[in-house]
Amino acid sequence: PGLAIYDPGFVNTASCRSSVTYIDGEEGILEYRGYPIEQLAEKSSFLEVAYLLIHGELPTKEQHDAWVHDITFHTFVHENVKTFMQGFRYDAHPMGMLMASVGALSTFYPDARNIGDDDNRQMQIIRMIAKMPTLGAWAFRHAQGKPYVYPDNDLSYTENFLAMLFKMSEQKYEADERLVKALDVLFILHADHEQNCSTNAVRSVGSSQVDPYSAVAAGVGALYGPLHGGANEAVLRMLRRIGTKENIPSFIEGVKAGNEKLMGFGHRVYKNYDPRARIIKKAAEDVFEVTGTNPLLDIALELEKIALEDEYFVSRKLYPNVDFYSGLIYEAFQFPPEMFTVLFAIGRTPGWLAQWLELVQDKEQKIARPKQIYTGDRRLTFTPASERW
Ligand code: CMC
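Now for a look at the structure at hand. (Residues numbered from 1 in each chain as written. Predicted model: local features only at pLDDT ≥ 70, side-chain atom pairs only at ≥ 80, totals over all residues.)

**Structural notes on the environment of tryptophan 352**
- For tryptophan 352, the position within the fold is in helix H17 (residues 340-361).
- Classification of tryptophan 352 by C-beta neighbours within 10 Å gives buried; the count is 32.
- For the pair tryptophan 352 and valine 216, spaced 136 residues apart in the sequence, the C-alpha separation amounts to 6.9 Å.
- In this structure tryptophan 352 touches Ser198, Thr199, Val202, Val216 and Gly219, once residues within four positions along its chain are discounted. (Helix = DSSP H or I, 4+ residues; strand = E, 2+ residues; numbered from the N terminus. Buried ≥ 20, exposed ≤ 12 C-beta atoms within 10 Å, placed from the backbone. Contact = placed C-beta atoms within 7 Å.)

So this is what it looks like as C-alpha cells:
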C-alpha cells in the first residue's frame, strides 16, 4: 500500500534543497557557495572558507577577524572531556574517540538543544569548529601514550592543530609554513561535498531536532567507514601491498576479476577526474619538497596511468578521487593511517554544520524517514516458546 520508489543508497533521490555546494560530476566541477574550489584552495584560507560555507557569503575584514578570534578562543575543551578521553583503551581508534567525544560535548553544552535560536546556533557552530582539532589531536596523542597538548591561541588554526599533535617540548612550536599551507588546503578541499554519506547522516539525525553535537557525531561515524572517509587509509595499505610497479598489472587483473576494489578510484557523483584530486596532486609536490618524496608515490602515479588507459575503468568512468593522493601527503606529515580520517573530519566540520544550519532553517524539511519495500513474512501465527521447544 502506498507508492514507494525503490532507490537503495538514494542514488536518484534528492533529500533536500541546498545552496551550499554545487557539483557537476560529468564536468568535474566543485563550487562552495558558487566559488570554484580551485580558486578557494589557491587564494583563501580554511577559516575563511568555513565562514563562507556557514554564512553563505565571504566575510568583510571585521567579520573575518571576529570569526577567527571567536574560533581561536573556543579551542579549549572542558577539563572533564580530557578525563573522558583518557578513559579509552590505549589502542582506541582515533575516529572512535572523536565520534564519542564530539557527541559527549552535547552534555557539556545542554543549551545546544535550543536549536531554534540563531545566536545559540552560531555559538555551537563556533565551538565545534574550534574544538574538533583539539579532540582530534588528543585522540592522536592518546594512541601514542603522550601527554595531551593544550591549544596555543597565538597560533593559526592549522598551525595550532599541528602543535597539539607534534609538540614535544616546552618550546614554542613552529611548523614549516609550506606544510601549514598544504594542510590548510587539504582542509579546504574536504570542507563540503553536498549530500555525501556523512552529511546525509548529519542531516538525517539533525532532522529529529537533536543538538548539533549529536548530529555531527553521527557524521563522524559515517565518515569512519572504509567506503567513505576511510578510503585514503585503505589506499595506502593497497599501495604498500602492491609493493613494486611490476606487481601493478596482476593487481589490476584482480580488481577487474572482482576480487577487490581499486581504492581511491570511483565516485558516486564524479564521472570525470575529481577536481580535488588534481589540487591534491599539486599539494603533494609542495609537501614532498619539504619532507622528501614518498616511495609509494611512484606506484600511485603508475597505477593511475595504467587504470586510466584500461577499458574496465574507462567504461565505468572510474577516475582518481580525493583519497587517492591524500593519504600519501598525510603519511609525509608522519600521521599514522588511522589519523587520516580524523583530518578529513576536521575539514568536513564546517560543511556538516552549514548543511545542518540549512536543514534547521528550512521550513520544508521534515524528520528523515524513508519508505521501504517490505520483503518478509506476514500474518504468521505465534506459537509460545514452551510449545515450540
Ligand atoms: N574499483 C573497481 N571497480 C569499481 C570501483 C573501484 N574503486 N568503484 C566502482 N567500481 C565498479 C563497480 O564494481 C561497478 O561495476 P559493475 O557495473 O561491473 O558492477 C561500477 O564500477 C559502478 O560502481 P558502483 O559501486 O555502482 O558505484 P557507487 O557510486 O555505488 O560507489 C564508491 C562509489 C566511491 C563507493 C566506489 O567507487 C568505491 O567503492 N570506490 C573505492 C572506495 C573509495 O575510493 N572511496 C572514496 C570516495 S571519495 C571520498 C569520500 O566520499 O569519502
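After that view, the rundown keeps rolling.
**Details of the site of the ligand**
- Close to the ligand lie 19 residues; Ala231, Lys261, Gly266, Arg268 and Asn321 are nearest.
- Grouping the constituent residues of the shell around the ligand by class yields eight nonpolar, seven polar and four charged. (Near = placed C-beta within 6 Å. Nonpolar A, V, L, I, M, F, W, Y, C, P; charged D, E, K, R; others polar.)

**Looking at unusual backbone geometry**
- Residues other than glycine seldom take positive phi values, yet arginine 33 does so here, at roughly 50°.
- Among the secondary structure elements, arginine 33 is positioned in the loop between strand S2 (29-32) and strand S3 (35-36).
- With a phi angle near 55°, arginine 379 is a residue other than glycine that sits in the positive phi range.
- Along the chain, the position of arginine 379 falls in the loop between H17 and helix H18 (385-388).
- Overall, the presence of 4 C-beta atoms within 10 Å leaves arginine 379 in the exposed class.

**A word on the sheet that holds S2**
- Across the sheet, which stays open at both edges, the three strands sit in the order S1-S2-S3 with antiparallel pairing between neighbours. Looking at the sheet topology across the chains shown, the edges are occupied by strand S1 (21-24) and S3.
- Here four bridges tie S1 to S2, and the two strands are oriented antiparallel to one another. Along S2, the bridge assignment pairs tyrosine 22 with glutamate 31. (Pairing = 2+ DSSP bridges.)

**Things to note about the nonpolar core**
- Formed by 109 residues in total, the largest nonpolar core has its most connected members in Leu98, Val102, Val220 and Ile329.
- For this core, the two domains that each supply at least three residues are domain 1 (16-225 + 338-361) and domain 2 (231-332).
- Residues within four places of leucine 98 in sequence aside, it is in contact with Leu135, Gly136, Ala139, Val220, Val342 and Ala345. (Core = buried A, V, L, I, M, F, W, Y, C linked by C-beta atoms within 7 Å. Domains from an automatic or database assignment.)

**Considering helix H7 (residues 157-166)**
- With eight of 10 residues buried, H7 is to be regarded as a mostly interior element.
- Every buried residue of H7 is listed here: Tyr157, Thr158, Asn160, Phe161, Leu162, Ala163, Met164 and Leu165.
- Where H7 is buried, its residues meet helix H2 (46-55), helix H3 (61-72), helix H6 (118-144) and helix H8 (177-190).

**Looking at the environment of arginine 121**
- Considering the arrangement of structural elements, one finds arginine 121 in helix H6.
- Judged by the 20 C-beta atoms lying within 10 Å of it, arginine 121 is buried.
- A sequence separation of 10 residues divides arginine 121 from aspartate 111, and the C-alpha atoms of the two residues are 9.5 Å apart.
- Leaving out residues up to four positions away in the same chain, arginine 121 has contacts with Ile115 and Leu357.

**What to know about the pairing of S1**
- Along S1, the buried face is formed by Thr21 and Ile23; none of Tyr22 and Asp24, which line the opposite face, is buried.
- Taking the residues between adjacent antiparallel strands as the criterion, S1 and S2 are bridged by four residues, where glycine 28 takes a positive phi near 75°.

**Thoughts on the packing of H2 against H17**
- Put simply, H2 and H17 touch, their axes get as near as 8 Å, and they point 15° apart. Taken together, the axis directions place H2 and H17 in an arrangement best described as roughly parallel. Regarding H2 and H17, the two cross each other, and that crossing is right-handed. Contacts from Ala50, Leu53 and Ile54 of H2 reach H17 at Pro350, Gly351, Leu353, Ala354 and Leu357.
- Taken together, the residues that form the contact of H2 with H17 break down as seven nonpolar, one polar and no charged. (Axes fitted to C-alpha atoms, helices over the stretch in contact; angles between N-to-C directions. Parallel < 35°, antiparallel > 145°, perpendicular 65-115°, else oblique. Left-handed = near helix turned anticlockwise from the far one by under 90°.)

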